[in-house]
Amino acid sequence: MGFSRGLVYLLLLLHLLQGSDASLVRLIDNGYEGVIIGIDPAVPEDEAIIEKIKEMVTTASTYLFEATEKRFFFKNVSILIPEKWTNKPQYRRPKQESYKHADVKVAPPALPGRDEPYTRQFTECKEKAEYIHLTPDFMLGGKQSEYGDSGRLFVHEWAHLRWGVFDEYSEDQPFYSGSSKKIEATRCSTGITGMNRVYTCQGGSCIARRCRTNSTTKLYEKDCRFFPDKVQSEKASIMFMQSIDSVTEFCKEENHNQEAPTLHNQKCDYRSTWEVISSSEDFNNNVPMETAPSAPTFSLLKISERVACLVLDVSGSMNSADRLNRMKQAAEYFLRQIIENRSWVGMVHFTHEATIKSQLIQINSDTERNQLVKTLPTSAGGGTSICSGIRTAFQVFNNKDFPTDGTDIVLLSDGEDSTAKTCINEVKDSGSIVYFIALGPSADTAVINMSILTGGKHLYASDIAQNNGLIDVFGALASENADVTQKSIQLESKGALLNNGVWLNDTIVIDSTVGKDTFFLVTWKQQIPGIYLRDPTGTQFTNFTEDIASKMAYLSVPGTAQVGIWTYNLEAKANQEVLTITVTSRAANSSVPPITVNAKMNRDASSFPSPTIVYAEVLQGYTPIIGARVTAIIESNNGKTTELELLDNGAGADALKDDGVYSRYFTAYSENGRYSLKVRADGGTNSARRSLRHPSSRAAYVPGWVVNGEIEGNPPRPEMTEAIQPVLENFSRTASGGAFVVSNVPNTPSTQWPDMFPPSQITDLHATLNGEEISLTWTAPGDDFDVGRAQQYIIRTSENITDLRDNFDGTPQVNTTNLVPNEANSKETFAFKPENISEENATHIFIAVISVDKSNLRSRLSNIAQTALFIPQAEPGPDGPDGPGAPGGSPHSGVSVSTIVLSVVGSVVLVCIIVSATICILRNRRSSSRAATTF
């Protein structure tokens, strides 16, 4: 099979299994199978958590079945139990299940006291999210009064995770100016009733008062909250507040609130939640069930020590491009630094047949690591039989009486093998997990099938040694089930092609969250370089262990490495020398999670000219790190490298601002085939802090309930102030993001390609009414998505949000003659006076933007901004509009009487002065002007 045919097969395979890297869930006969709920290794042992998980899922299954009109339920769920918990007879060893694939993580809160359930969601509408995070305290019932029944909440979060819908409430904009001309609570549907109140407690005594309006926003003050009535009749919506007893449905087209400034409206083009869910792949060829499903079944799977076998290709083709020695260097790095203590490791070499080089031995010290290093290959020759190598790995496991369930096969191969497909089913049924490292462009695609079907990884390293690719790939093979404080974390990875006498000089930051088992690795291609390393005090380290045969030198820093800036200098001793340096470390303190960076693409396969999106997530534990400098390094088959600065600005490819996820479009394709991704993140005292924001995509916190006209408040959520916000010192991290495949790239120089990339969609358009003008702000897109400069903006308005969305070109256009686009990712501002308001009863102006590049390619329609043409009415006080407690009045949101309206449209100004009677003065500067008044 030629490479082009192999590429087609690979693309088809990746398309069919898209998203499998994130989840093993499958929908079969209306039931979700393969759901994984992982209890984090940091959670203390408490069997009650397991029972509460079962109760939650069982309740959720019934609730989900009814909410989806008898379509979906939970069929079977695996619960992953930490290794350190006590063994029980009912616990089994996992197969492909791991924390990497966990759909739900029961883990400590992102910040102490913050037991908010949420879904880690940073992609677009209709795209699957990463995972649901529930804390032990929440699972044990500690937050039921604030968030409601855990089963109902799980369905809310499942909708985020599975169908890519968003919340239908907003803490950033909890109130808005409704077409009712009243201040409305942000919700879906508007049939949900309740009170808008400021509720304060002190010394065991609580007081509720009516909300005052803010003179700037004309909406309610910051501390005003919507308190829902405990007894309701409205059935929607689960994405607003599933904790209301009457709520059993998602908002549908007929009751969806398009006006509300929710994240769901913004991200999903103002379509209802049910419309989005109904368009998902789960609904394809799916019909409602006639009978109720049975209760979910549960598997209890306990993590045990890691069992791995290195299966290394030593066929004749490994002699080319220095592949054999590069594999030896990377595998030695894996054995010395990456594989965790207490792991069992064996080794197999294969050509047309396979040989066991080491039976399984448990790593407890450097003695076992050195023993394994001695079995690494030193020569290559012969044919290739991947299945022979894999079957021999099974023998290694069986010789030690280990079941193959959950064992790791780390397979490296550089060549094609037409027989590899013959053992796919055997591998799939074994319970082993295949991590396939493709070295060079011709590695067999059938083995990628194995890695995907077994829940493993497909990793790739080109034949270009300069960028440290193979060492980075092996560095990404830390255990999926180990506590993060036990994992090796890469701080530096750099390579350079140098001539004799030229230096590679740089610094590496060791921050206070790491420093244990710090390891420096230097490799070369021709002659050992000059190596100089100094710690932050200037003390020089010279005791590198040199392995001349393997062309590598390494140093383990004893104890905990000193915090601060370390300096390294490498001097090339030959022309056309390739030098690389890699630095890794582990957490300095087992109770303090280290800063980590995770990288991925939005898809494993792309067809030109469709862009791919690079994501990098910077975290400390589960806490997002904002303000870091993050760079993606993408390398093609031929060694061409592209660097991209990733942004957390909530624009272009980045879905949410300041969520610790840094994103960017990648369009710099140079050839067909595999590309590898690596990410570097750097932070400093002034640029990286723990985010204080409540996470998005979570069930609404209920401040309290209205019962018989009185508020029964819930405990307030803990808030952190700026004064106690932890500030991070400098840090640096690197991480491999795996491989992705590109097809249909033209076989001509890129300078001859037609312009195929439009500007990116504007996603943060915001409008405010200032006097007679509407002021707009947004982040500038580029000529090619988020790179360069767009040519022009088309801005249109409408009094009907649906017309603007579905018939943009048919709505009134704003004059933008003097609006010249700025460079991508800079801020744009523009003000205009609205004209041609046609309807007498118009309450809002809706605005949207399309960007156009120099080739007349148009972006997608922006999010739709809106501004009210009136000052909304607050609730009246009990004694009339200006009586005691004003503004106040009717206890139910949306039930109030009009008091005062200021309408500014074009050059029409309506001023109402309330004295003993209402006097209205209309100034009309032009006969065609229109004024809408309401009293």
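Heads up: the structure comes first, above all this text.
Just so you know, these numbers come straight off a predicted model, no measurement behind them.

Draft legend 1. Broad picture of the overall build of the protein. In terms of helices and strands, the protein carries 15 helices and 50 strands. At a minimum sequence separation of 6, the contacts of the protein that also span at least 24 residues come to 75%. Accessible area of the protein: about 36,700 Å², with a carbon and sulfur share of 48%.

Draft legend 2. Here's a closer look at the sheet that holds strand E12 (residues 205-210). Ordered by their spatial adjacency, three strands build an open sheet running E12-E11-E13, and the pairing between neighbours is antiparallel. With partners counted over all chains shown, the strands left at the sheet margins are E12 and strand E13 (225-228), one partner each. Between one strand axis and the next, the sheet turns through 55° on average, direction left out of account.

Draft legend 3. The arrangement of empty space enclosed by the protein in detail. Tallying each qualifying case throughout the model produces six cavities of 30 Å³ or more. Contributions of two or more residues to the lining of the second largest cavity are made by helix H14 (469-475), strand E34 (629-636), strand E37 (673-683) and strand E41 (731-743). Residues of the lining of the second largest cavity, tallied by class, amount to four nonpolar, five polar and three charged.

Draft legend 4. Region of interest: the nonpolar core. Grouped together as the largest cluster of nonpolar side chains are 73 residues, with contacts concentrated most on Trp163 and Phe250. Per element, the largest residue contribution to this core is nine residues, and it comes from helix H2 (residues 47-67). Sequence-distant contacts of Phe250, that is, excluding residues within four places in its chain, are made with Ala67, Thr68, Val155, Ala159, Trp163, Ala236, Ser237, Ile238, Met239, Thr273, Trp274 and Ile277. Core analysis: the second largest hydrophobic core is formed by 38 residues, Ala331, Ile363, Leu412 and Leu439 among them.

Draft legend 5. Seen up close, the sheet that holds strand E42 (residues 766-770). Reading across from one edge, E42-E43-E45 is the order of the three strands in this open sheet, with antiparallel pairing throughout. Bordering the open sheet on either side are E42 and strand E45 (827-832), each of which pairs with just one other strand. Direction aside, neighbouring strands of the sheet carry axes that sit 20° apart on average. As defined by bridge partners, E42 adjoins strand E43 (residues 773-779) across five bridges and the pair is classed as antiparallel. Among the inter-strand pairings, Ala767 is bridged to a residue of E43, identified as Leu776.

Draft legend 6. Structural context of the packing of helix H9 (residues 323-338) against helix H10 (residues 366-373). Relative to each other, H9 and H10 sit at 170°, their axes nearing to 9 Å. In terms of axis orientation, H9 runs roughly antiparallel to H10. Along the contact surface, H9 presents Glu332, Leu335, Arg336 and Gln337, while H10 presents Arg369, Asn370, Leu372 and Val373. Class assignment for the residues of the contact of H9 with H10 results in three nonpolar, two polar and three charged.

Draft legend 7. Molecular detail of the packing of H2 against helix H5 (residues 150-163). Packing of H2 against H5 brings their axes to within 8 Å, and their N-to-C directions diverge by 70°. Our classification of the angle between H2 and H5 gives roughly perpendicular. Read as a crossing pair, H2 and H5 show a hand that is right-handed. Between H2 and H5, the residues in contact are Met56, Val57, Thr59, Ala60, Tyr63 and Leu64 and Ser150, Gly151, Arg152, Phe154, Val155 and Trp163, respectively. Its residues assigned to classes, the contact of H2 with H5 comprises eight nonpolar, three polar and one charged.

Draft legend 8. Region of the structure containing the state of the cysteines. If you walk through the whole model with that rule in mind, you get five disulfides. Disulfide pairing is shown between Cys125 and Cys268; the S-S distance is 2.1 Å. Note on the Cys125 and Cys268 pair: the S-S dihedral is about 105°, so by sign convention the disulfide is right-handed. Of this pair, Cys125 sits in the loop between strand E7 (118-120) and strand E8 (131-134) while Cys268 sits in the loop between helix H7 (263-267) and helix H8 (273-278); the two residues are 143 residues apart in sequence, bridging distant segments of the chain. An identical accessibility class is assigned to Cys125 and Cys268; each is buried.

Draft legend 9. How the structure looks around the packing of aromatic side chains. Taken as a whole and judged by the stated rule, the model has 36 aromatic pairs. Ring geometry for Tyr131 against Tyr622: centres 6.2 Å apart, planes inclined by 75°, an arrangement best described as edge-to-face. Taken together, the residues Tyr131 in strand E8 and Tyr622 in the loop between strand E32 (612-620) and strand E33 (623-626) connect sequence positions 491 residues apart. Judged by relative accessible area, Tyr131 falls into the buried class, the value being 8%.

Draft legend 10. Spotlight on the pattern of salt bridges. Applying the stated rule across the entire model yields 37 salt bridges. The closest approach of N and O atoms between Asp786 and Arg664, which form a salt bridge, is 3.1 Å. Of this pair, Asp786 sits in the loop between E43 and strand E44 (792-798) while Arg664 sits in strand E36 (residues 661-666), and the two are 122 residues apart along the sequence. Relative accessible area serves as the criterion here: at 11%, Arg664 is assigned to the buried category.

Draft legend 11. View of H10. For H10, every residue scored as buried is listed here: Glu368, Arg369, Leu372 and Val373. Taken down its axis, H10 places every buried residue within 140° of arc, on the same side. In H10, the exposed positions angled more than 90 degrees off the buried face are occupied by Asp366 and Thr367.

Draft legend 12. Structural context of the side chain of Lys678. When you line up the elements, Lys678 lands in strand E37. Judged by its relative accessible area of 10%, Lys678 is buried. A polar atom in the side chain of Lys678 sits 3.1 Å from the side chain of Asp472. With residues up to four places along the chain from it excluded, the contact list for Lys678 reads Asn467, Asn468, Asp472, Ser493, Thr631, Ala632, Ile633, Ala735, Ser736 and Gly737.

Draft legend 13. H2, seen in detail. Over its 21 residues, H2 runs 30 Å from end to end, which matches the ideal 30 Å to within 8%, given 1.5 Å per residue. Among the residues of H2, Ile49, Ile50, Ile53, Met56, Val57, Ala60, Ser61, Tyr63, Leu64, Phe65 and Ala67 are the ones counted as buried. Looking one or two residues beyond H2, the residue adopting positive phi is Glu69, at roughly 55°.

Draft legend 14. Molecular detail of the pairing of strand E24 (residues 530-534). Sheet topology places E24 next to strand E28 (residues 564-571); five bridges connect them, and they run antiparallel. Directly across from Tyr532, in E28, lies its bridge partner Asn569. Direction of pairing for E24 relative to strand E25 (residues 540-541): antiparallel, over a ladder of two bridges. By the bridge assignment for E25, Arg534 is matched with Gln540. Hairpin connection between E24 and E25: a loop of five residues separates the two successive antiparallel strands, and Gly538 in this loop has a positive phi of roughly 95°.

Draft legend 15. Broad picture of the environment of Arg92. Mapped onto the fold, Arg92 is located in the loop between strand E5 (76-81) and strand E6 (104-106). Each residue touching Arg92, except ones within four places of it in the same chain, is listed here: Ser299, Leu300, Leu301 and Lys302. Side-chain polar atoms of Arg92 contact the side chain of Ser299, separated by 3.4 Å.

Draft legend 16. Unusual backbone geometry, seen in detail. Residue Ser189 follows Cys188 across a cis peptide bond; omega there is 5°. Within the element layout of this structure, Ser189 appears in the loop between strand E10 (183-185) and strand E11 (194-202). Despite not being glycine, Asp517 shows a phi value in the positive range, around 50°. The residue Asp517 is located in strand E23 (residues 514-523) in this model. On the basis of relative accessible area, Asp517 is assigned to the partly exposed category, the value being 34%.

Cut-offs applied
Residues numbered from 1 in each chain as written. Predicted model: local features only at pLDDT ≥ 70, side-chain atom pairs only at ≥ 80, totals over all residues. Heavy atoms only, no water. Helix = DSSP H or I, 4+ residues; strand = E, 2+ residues; numbered from the N terminus. Contact = heavy atoms within 4.5 Å. Areas by Shrake-Rupley, 256 points an atom, 1.4 Å probe, with all protein chains shown as cover. Pairing = 2+ DSSP bridges. Axes fitted to C-alpha atoms, helices over the stretch in contact; angles between N-to-C directions. 1 Å grid on protein atoms, 1.4 Å probe; cavity = no way out; pocket = protein on both sides within 12 Å on 5 of 7 lines; lining within 4 Å. Points joined across faces, edges and corners; volume = space filled by probe spheres on them. Nonpolar A, V, L, I, M, F, W, Y, C, P; charged D, E, K, R; others polar. Core = buried A, V, L, I, M, F, W, Y, C linked by side-chain atoms within 4.5 Å. Buried < 20%, exposed > 50% of the residue type's maximum accessible area, 1.4 Å probe, protein only. Parallel < 35°, antiparallel > 145°, perpendicular 65-115°, else oblique. Left-handed = near helix turned anticlockwise from the far one by under 90°. Disulfide = S-S within 2.5 Å. Phe/Tyr/Trp six-rings, centres within 6.5 Å; stacked < 30°, edge-to-face > 60°. Salt bridge = Lys/Arg side-chain N within 4 Å of Asp/Glu carboxyl O. Arc of directions from axis to C-beta. Polar contact = N/O pair within 3.5 Å; in protein donor to acceptor, adjacent residues only side chain to side chain. Expected span 1.5 Å × (residues − 1).

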